[in-house]
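# Report on the structure
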Amino acid sequence: MEITEILVDQNGFPAEMFQVLDPEGNVVHQNLLDLVSKEQLVDFYKWMVKIRIADRRAINLQRTGQMGTYPSVYGQEACQVGSGLGLEKEDWLVPTFRETGTMWCFGVPLYQTLLYWMGNETGSKMPEDVNCLPIAITVGGHLPHAMGIAWANKRQNKPGAVLCSFGDGATSEGDFHAALNFAGQIQTANVFFCQNNGFAISTPRSIQTAAKSIAQKAFAYGVKAIQVDGNDVVAVYLAVKQALKEAKENLTPVLIEAVTYRLGDHTTVDNSKLYRADDEVTEMQRREPIARLKKYIEATGLWDEAKEAQLLEECKKGVDEIAEKALTHAKLDPKNMFTMMYAEMTPALQKQHDEFLKQ
Ligand SMILES: Cc1ncc(C[n+]2csc(CCOP(=O)(O)OP(=O)(O)O)c2C)c(N)n1
């Protein structure tokens, strides 16, 4: 398989989703694995571990009453690292709510994301030099925004592509179809990155849509598609790179379906034991992204237990420091929900703000 074959169209839909390392850490396509360096492999691994530790810390913060709510990325680390590190500085990220790792890899400090979930509006204020929109809670609502940014870039001859991430459930929303239709018609540099994690809260993928895959939804709109194993970080990274290249060089939008599994609850207010069997989760745990890369880098001498112990210690310390910093700054000023929406409040917002302060 060549890198260009990752990208499929109506005539060449792959029989199996694209994979570089299988769940046991065996190499499926050596020539594709050779496209990433040994240093990159270790870097992918370190990022995934770091994200998992941060994710657990965020859940603990919520469980101890120090955070409002939190959507875990447990099990989706390969999607997050593969997409976040695949982006270039000139590109845009338009994230959904389950993107702690992607945003962090792309340059949004974890501190910001923790503040956001603590309810502090300043968490949405992105660093000036990071092209990232704030977290979008409305399912699918941010896809037309992503298309709009790419369209504006095209009209202004600006470089860069726009990667918009979302879940399988979002592909049933009207906004998904509107965004892909416009992107296909106008030919914008959009990468629509669907993390198909098997569920939209308690609705399993099997009853979400009658479509055989999410990827094939692209074809109706003249958008290209890639279906990739979302638990294989190398495959996700290469797929994202290929899609961004297509989008930028040929002004062709691409939909990526990264097939993964949400190992945790939907958010901290969910209890997934109520709607899925333990056996299923155990089987999916066997295919999770960190273990397979670890097997490969250990087998090839790039990693060992001493390095693992050091990494865990560094990550825990680093994440604890970030969490402490967020906790110190998280104090809420309720009027921020009015004042931080726009540069200047609209008359309606001003009215609500004034009424609120009178109470
Ligand atoms: C328009 C809209 N409808 C309903 C909700 C409530 N809601 C929040 S997340 C979610 C499920 C989203 O599933 P999916 O798109 O697959 O993403 P995932 O949560 O699995 O990452 C729903 C229905 C919402 N936020 N926005």
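The preceding data block contains the structure.
Residues numbered from 1 in each chain as written. Predicted model: local features only at pLDDT ≥ 70, side-chain atom pairs only at ≥ 80, totals over all residues.

## Focus on the overall build of the chain
Cut-off, in case you're wondering: A run of H or I in DSSP becomes a helix once it reaches four residues, and a run of E becomes a strand once it reaches two; helices and strands are each numbered from the N terminus. With C-beta atoms placed from the backbone, a residue is labelled by how many other C-beta atoms lie within 10 Å of its own: buried for 20 or more, exposed for 12 or fewer, partly exposed between the two. Our contact criterion uses C-beta atoms placed from the backbone: two residues qualify when those atoms are within 7 Å.
Broken down by element type, the chain carries 14 helices and 7 strands. Its C-alpha atoms give the chain principal-axis dimensions of about 65 × 50 × 40 Å. The proportion of buried residues among the 359 residues of the chain is 45%. Look at the contacts in the chain between residues 6 or more apart in sequence, and 75% of them connect residues 24 or more apart.

## Quick word on unusual backbone geometry
Here isoleucine 201, not a glycine, exhibits a phi torsion of approximately 50°, which is positive. Looking at the element boundaries, isoleucine 201 is found in the loop between strand S4 (199-200) and strand S5 (203-204). The partly exposed category is assigned to isoleucine 201, around which 15 C-beta atoms lie within 10 Å. Located in the positive-phi region is leucine 251, a residue other than glycine, with phi close to 45°.

## Structural notes on the sheet that holds strand S1 (residues 92-94)
For clarity, the threshold we go by: A pair of strands is labelled paired if DSSP reports no fewer than 2 bridges between them. Axes here refer to lines fitted to C-alpha atoms; in helices the fit is confined to the stretch in contact. Angles between the N-to-C directions go from 0 to 180 degrees.
Overall, parallel pairing links the 5 strands, which are arranged S1-S2-S3-S7-S6 in an open sheet. Taken across any chain shown, the strands that pair with only one partner, and hence form the sheet edges, are S1 and strand S6 (224-229). Across this sheet, the average inter-strand angle for adjacent strands is 20°, counted without regard to direction. Of the pairings in the sheet, the one linking S6 to strand S7 (residues 254-259) comprises 6 bridges and is parallel in character. Along S7, the bridge assignment pairs glutamine 227 with glutamate 257.

## Looking at the packing of helix H2 (residues 38-63) against helix H11 (residues 289-299)
We apply this condition: Each helix crossing is assigned a hand: it is left-handed if the near helix lies turned anticlockwise from the far helix by less than a right angle, otherwise right-handed if that turn is clockwise. Asp, Glu, Lys and Arg are counted as charged, while Ala, Val, Leu, Ile, Met, Phe, Trp, Tyr, Cys and Pro are counted as nonpolar; the rest, among them Gly, fall into the polar class.
For the pair H2 and H11, the least separation of the axes is 10 Å and the interaxial angle reads 145°. Regarding H2 and H11, the two cross each other, and that crossing is left-handed. Between H2 and H11, the residues in contact are Leu41, Val42, Phe44, Tyr45, Met48, Val49 and Arg52 and Pro289, Ile290, Leu293, Lys294 and Ile297, respectively. Of the residues in the contact of H2 with H11, the class split is 10 nonpolar, no polar and 2 charged.

This is a description of form; function is not addressed.
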